[in-house]
Amino acid sequence: MKEDFLHYLWKYKKFDTLNLKTFNNEELIIINVGQYLELAGPDFFNAQIIIGNQKWAGNIEIHLKSSDWYLHNHENDKAYESVVLHVVWEHDCEIFSQNNSEVPVLILKDYVSEEIIENYKTLITPKSWIFCEKEIKDVDPFLFINWQERLFFERFERKSQPIYDLLEMTNNDWEAVLFSFLAKNFGLNTNGNSFFQLAQSIPFSIIRKESFEVENLEALLFGNAGLLDVDKEDNYFKDLKIRYFYLLNKYQLERAYVEPMQFFKHRPDNFPTIRLSQLANLYHKYQNLFSKIIDLKAVHEIYDLLLVSVAPYWQNHYQFDKESPFKSKKTVHSFVDLLIINTIIPIKFAYAKKQGYSISEDLIILLNQIKPEKKLYYR
């Protein structure tokens, strides 16, 4: 049983909603299941329910076990003070909010039919990759490879358009275009849009000018990302904040809207603080990154270019004011593989096409140097 399945059950009311009762045997009526957020904080926002004779509006948190509430430290998180119902598969302990009141619990497994559960088990049972998997071996290898290559380049044709659109917006500044798309993929799936907005919120001419001081790059990135908005006692934080407001004034910058950075459900090495510091160090290390990337044809050369670490402060921090054991936090080969697939190859393809020549064979050779399991991770 996985928590995502419980989210599905609650979102679509795939359980018996009649005669619901909480663990404490109070009648429960669901008026609105709430909005499924899939971000930090409670799972469903602004739900409406009736418990006993009292109507409640608030958030819903869902876990496999009640004790997961404490496992995830929700009792110390103000974001969970507005939870009006704890939906669980198994109830193994009582849950209390910060004001010491008991959080009502619905044990979902008591109201889910055997048919739904059997269907779920069938869906998660391993199957063939695709229905024609056994027949693929009979296809002529030459035809199969050519089909794969055609799909490969058709996809890059589609992926090139956003690159050309941004190129036009930046007056054909390929370095600026590369910066925006590298930033997007440094943010991965969860923070990709936020990182892309962040990169576009700072004129790349300023990134060029300030690249000689990595702290100034971090100040610009962290500041426009909203990560310097609060006050902290941390000296490095204070230094970045001073630098940020100095740079805002120096360049007469106005902050554009950037979607809030997400930390929740990330491994610490993927925290936006770490990825932004790596990005800043990359542009501190290389002032003409685009021209270098265009000239490179081997994966090991790109590794040498993109394997970068964080600023010294982040080697023993993941967040401001919270010291952690020392770790260099250097980008790893698997992460660079994703950058190659999602940024480097599309940029190379678009640039060659814009210049009127083809590098199809070079890109296929480059892609074949990446481990097979990483080739499928293409957005």
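Keep in mind that this is a model prediction, so the values were computed, not measured. (Residues numbered from 1 in each chain as written. Predicted model: local features only at pLDDT ≥ 70, side-chain atom pairs only at ≥ 80, totals over all residues. Heavy atoms only, no water.)

*Asks:* Is there a simple way to explain the overall build of the chain in this structure?
*Replies:* Tallying secondary structure elements over the chain gives 15 helices and nine strands in all. Along the first, second and third principal axes, the C-alpha atoms of the chain reach 70 × 65 × 40 Å. Evaluated residue by residue, the chain yields a buried proportion of 47% over its 379 residues. Counting contacts in the chain only where the partners sit at least 6 residues apart, residues at least 24 apart contribute 59% of the total. Of the roughly 20800 Å² of accessible surface on the chain, 52% is carried by carbon and sulfur atoms. Taken together, the 43 basic and 52 acidic charged side chains of the chain have centroids lying 4 Å from each other. (Helix = DSSP H or I, 4+ residues; strand = E, 2+ residues; numbered from the N terminus. Buried < 20%, exposed > 50% of the residue type's maximum accessible area, 1.4 Å probe, protein only. Contact = heavy atoms within 4.5 Å. Areas by Shrake-Rupley, 256 points an atom, 1.4 Å probe, with all protein chains shown as cover. Lys, Arg positive; Asp, Glu negative; His and termini not counted. Charge placed at Lys NZ, Arg CZ, Asp CG, Glu CD.)

*Asks:* I tried to follow the side chain of N185 on my own but got confused; where do I start?
*Replies:* Relative to the helices and strands, N185 is located in helix α5 (residues 174–186). Among the polar contacts listed, one links the side chain of N185 to the side chain of T343, at a separation of 2.5 Å. (Polar contact = N/O pair within 3.5 Å; in protein donor to acceptor, adjacent residues only side chain to side chain.)

*Asks:* So what exactly am I meant to see when it comes to the nonpolar core here?
*Replies:* Nonpolar side chains in soluble globular proteins tend to be buried together. Counting residues in each nonpolar core, the largest one holds 88 residues, and the members touching the most others are L282, Y283, L289, W314, F320 and I340. Tallying contributions element by element places helix α13 (residues 333–355) first for this core, with 13 residues. Once residues within four sequence positions are removed from consideration, W314 is found in contact with E218, F222, Y236, T273, I274, S277, Q319, F320, K327 and K329. Core analysis: the next-biggest nonpolar cluster, separate from the first, contains 25 residues, L20, I30, F44 and V112 among them. (Core = buried A, V, L, I, M, F, W, Y, C linked by side-chain atoms within 4.5 Å.)

*Asks:* Help me out: how do you make sense of helix α1 (residues 3–11) in this one?
*Replies:* In an α-helix there are 3.6 residues to a turn, and that puts residues three or four apart on one side. Of the positions making up α1, those classed as buried are F5, L6, H7, L9 and W10. Of the residues trailing α1, K13 is marked for its positive phi of about 55°.

*Asks:* Which parts of the structure should I look at to understand helix α4 (residues 141–169)?
*Replies:* For α4, spanning 29 residues, the distance from its first C-alpha to its last is 43 Å, which sits close to the expected 42 Å at 1.5 Å a residue. When the local axis directions of α4 are compared, the greatest deviation, roughly 25°, occurs at K159, which is followed within four positions by the proline P162. When α4 is considered as a whole, its buried residues turn out to be F152, F153, F156, S160, I163, Y164, L166 and L167. At its buried positions, α4 is contacted by α5, α6 (188–201), α13 and α14 (360–368). The positive-phi residue at the C-terminal boundary of α4 is N171, with phi of around 55°. (Expected span 1.5 Å × (residues − 1). Bend = angle between axes of the 7 residues up to and from the residue.)

*Asks:* Got a minute to help me understand the pairing of strand β4 (residues 44–51) in this structure?
*Replies:* Side chains on a regular strand alternate between the two faces of the sheet. Examined bridge by bridge, strand β2 (residues 27–32) and β4 share four bridges and lie antiparallel to one another. Of the residues in β4, the one forming a bridge with N32 is Q48. As paired elements, strand β3 (residues 35–36) and β4 share two bridges and run antiparallel to each other. Each residue of the ladder has a partner; that of Y36, found in β4, is F44. Counting the residues that bridge the hairpin from β4 to strand β5 (residues 54–65) gives two residues, and of these G52 lies at a positive phi of roughly 65°. (Pairing = 2+ DSSP bridges.)

*Asks:* What am I meant to see in the environment of E118 here?
*Replies:* Inspection of the secondary structure assignment puts E118 in helix α3 (residues 114–124). Given a relative accessible area of 39%, E118 falls into the partly exposed group. Spatially, the C-alpha atom of E118 lies 34 Å from that of L188, the residues being 70 residues apart in sequence.

*Asks:* What is the right way to look at the packing of aromatic side chains in this model?
*Replies:* Aromatic ring pairs are defined here through the distance separating the ring centres and the angle between the ring planes. All chains considered together, the criterion is met by 24 aromatic pairs. Aromatic pair Y36 and F44: ring centres 4.8 Å apart, planes at 15°, arrangement stacked. Look at F44 and you get buried, because its relative accessible area is 0%. Relative to F320, the ring of F237 has its centre 5.0 Å away and its plane inclined at 80°; by these criteria the two rings are edge-to-face. One end of the pair, F237, is in helix α9 (residues 235–251); the other, F320, is in the loop between β8 (317–319) and β9 (322–323), with 83 residues separating them in the sequence. Just as F237 is buried, F320 falls in that class too. Taken together through their ring pairs, the aromatic side chains of F222, Y236, F237, Y313, W314 and F320 make up a single cluster. The ring of Y318 is capped by K329, whose NZ or CZ atom sits 4.3 Å from the centre of that ring. A cation over a ring is seen here: K354 above Y164, with NZ or CZ 5.2 Å from the ring centre. (Phe/Tyr/Trp six-rings, centres within 6.5 Å; stacked < 30°, edge-to-face > 60°. Lys NZ or Arg CZ within 6 Å of the ring centre and 35° of its normal.)

Purely geometric stuff here, so don't read any function into it on its own.
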